[in-house]
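# Working through the structure, step by step
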Amino acid sequence: MSAREVALPRGRKVQIAEAGDGPAAVYLHGIADIHGASFGWLPFHEALAERLALIAPAHPGCAASSEDEALETVDDLVFHYLELFDALGLETLRLAGSCIGGWIAAEIAVRHPERIERLALVGPTGLFVPRAPIADVFWETHPADGVSFAALRGLLFGDAGSETARAMFPDLRGDIDQEVLRYQLFRFASRIGFNPPYLHSRRLAERLGRYRAPALVVQGADDRLGPRRHGEVYAEGFADARLEIVDGAGHSAFAERPGAVAALVADFLAGP
């Protein structure tokens, strides 16, 4: 993996992690992810980089990306990424995202469908679905009794006690740099998603049909952050999409079943 900074207007800088060869694919990260709870690639990203030229920017204010004090809405974030794509010389691109990154990727695709050749979403948030709200992940960022993050891990992983879950969100106080990384991610998420029922856009579901190129939606069978219905609405709303349910995984299916999810996403993104 290599890392670099890309300059954007108004003095902003975006940290980018890159690896691999093949068709260029931009990956927008989520919570239990690179730039969110990990400084480096996870096995999922490494598997993607075996077939794709993977480009993973950190969201504004996350990792080493500059804070953007003007950022107020998800629409602001769409323009931020359009400026990044322009700076990278990507007139059209293959786009993937997980969790919050999946939400952002979907918002970009419905606004500028002509720029997105293929769209892959893993456990995406972003939808308002009546009677099926996204869980309050912000509440669970406060450890129970000041000690345990088991409830947070339970929202983000199928197995809250797994080695992967505990490595990213350990009980008690963890390494200070990792604590800061997680704090940056949740601070960023609150800027666009702290609106009950959280992490959603009221209008996104009705706009999904604007994106007519191929789309893939992957969701863990035991996702407790975003109900199954969210994956179904995404797949039904896009003009040309399929939904893949991954057994033995929760919200962060890419981290829990990296081989299976990477195979689905890489096969799809590397397609014609």
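Residues numbered from 1 in each chain as written. Predicted model: local features only at pLDDT ≥ 70, side-chain atom pairs only at ≥ 80, totals over all residues. Heavy atoms only, no water.

Owing to its 3.6 residues per turn, the α-helix brings residues three or four apart onto one side. Among all positions of helix α8 (residues 228–237), only His-230, Gly-231, Val-233, Tyr-234 and Ala-235 are buried. Those residues of α8 hidden inside the fold are in contact with α3 (100–111), β6 (116–122), β7 (126–127), α7 (204–207), β9 (215–220) and β10 (241–246). (Buried < 20%, exposed > 50% of the residue type's maximum accessible area, 1.4 Å probe, protein only. Helix = DSSP H or I, 4+ residues; strand = E, 2+ residues; numbered from the N terminus. Contact = heavy atoms within 4.5 Å.)

Turning our attention to the pattern of salt bridges. Taken as a whole and assessed by the stated rule, the structure comprises 19 salt bridges. Taking the shortest distance from any N to any O, the salt bridge between Asp-68 and Arg-12 comes out at 3.9 Å. With Asp-68 in the loop between β4 (53–57) and α2 (74–87) and Arg-12 in strand β2 (residues 12–19), this pair connects stretches of sequence that are 56 residues apart. Side by side, Asp-68 and Arg-12 carry an identical accessibility label, which is buried. One salt bridge connects Glu-67 with Arg-191, and the closest N-O pair in it is separated by 2.7 Å. Of this pair, Glu-67 sits in the loop between β4 and α2 while Arg-191 sits in helix α6 (residues 176–193), and the two are 124 residues apart along the sequence. A relative accessible area of 32% places Glu-67 in the partly exposed class. In this structure Arg-191 comes out as partly exposed when scored by relative accessible area, which is 21%. Among the ionic contacts, a cluster of salt bridges with common partners joins Arg-10, Arg-12, Asp-68 and Glu-83. (Salt bridge = Lys/Arg side-chain N within 4 Å of Asp/Glu carboxyl O.)

Further remarks concern the nonpolar core. Core analysis: the biggest nonpolar cluster contains 97 residues, and Leu-95, Ile-100, Leu-119, Phe-169 and Phe-238 have the highest contact counts within it. Broken down by element, the residue count for this core peaks at eight residues, all from α3. Ignoring sequence-local partners within four residues, the contact set of Ile-100 consists of His-29, Gly-30, Ile-31, Thr-125, Phe-188, Ala-189, Ile-192 and Leu-199. (Core = buried A, V, L, I, M, F, W, Y, C linked by side-chain atoms within 4.5 Å.)

Attention shifts here to the packing of α2 against α3. In a pair of packed helices, the angle between the axes and the distance between the axes together describe the arrangement. Contact geometry of α2 with α3 gives a least axis separation of 10 Å together with a crossing angle of 80°. One element, α2, and the other, α3, form an angle in the roughly perpendicular class. Only Trp-103, Ile-104, Glu-107, Ile-108 and Arg-111 of α3 make contact with α2, whose side of the interface consists of Val-74, Asp-75, Leu-77, Val-78, Tyr-81 and Phe-85. Residue composition of the contact of α2 with α3, grouped by class: eight nonpolar, no polar and three charged. (Axes fitted to C-alpha atoms, helices over the stretch in contact; angles between N-to-C directions. Parallel < 35°, antiparallel > 145°, perpendicular 65-115°, else oblique. Nonpolar A, V, L, I, M, F, W, Y, C, P; charged D, E, K, R; others polar.)

Our focus in this paragraph is the pairing of β10. Here β9 pairs with β10 via six bridges, running parallel. From the neighbouring strand, Val-217 faces β10, where its bridge partner is Leu-243. At this point the chain moves from β9, through α8, to the parallel β10, and the crossover so formed is right-handed. (Pairing = 2+ DSSP bridges. Right-handed = clockwise from strand over helix to strand, strands pointing away.)

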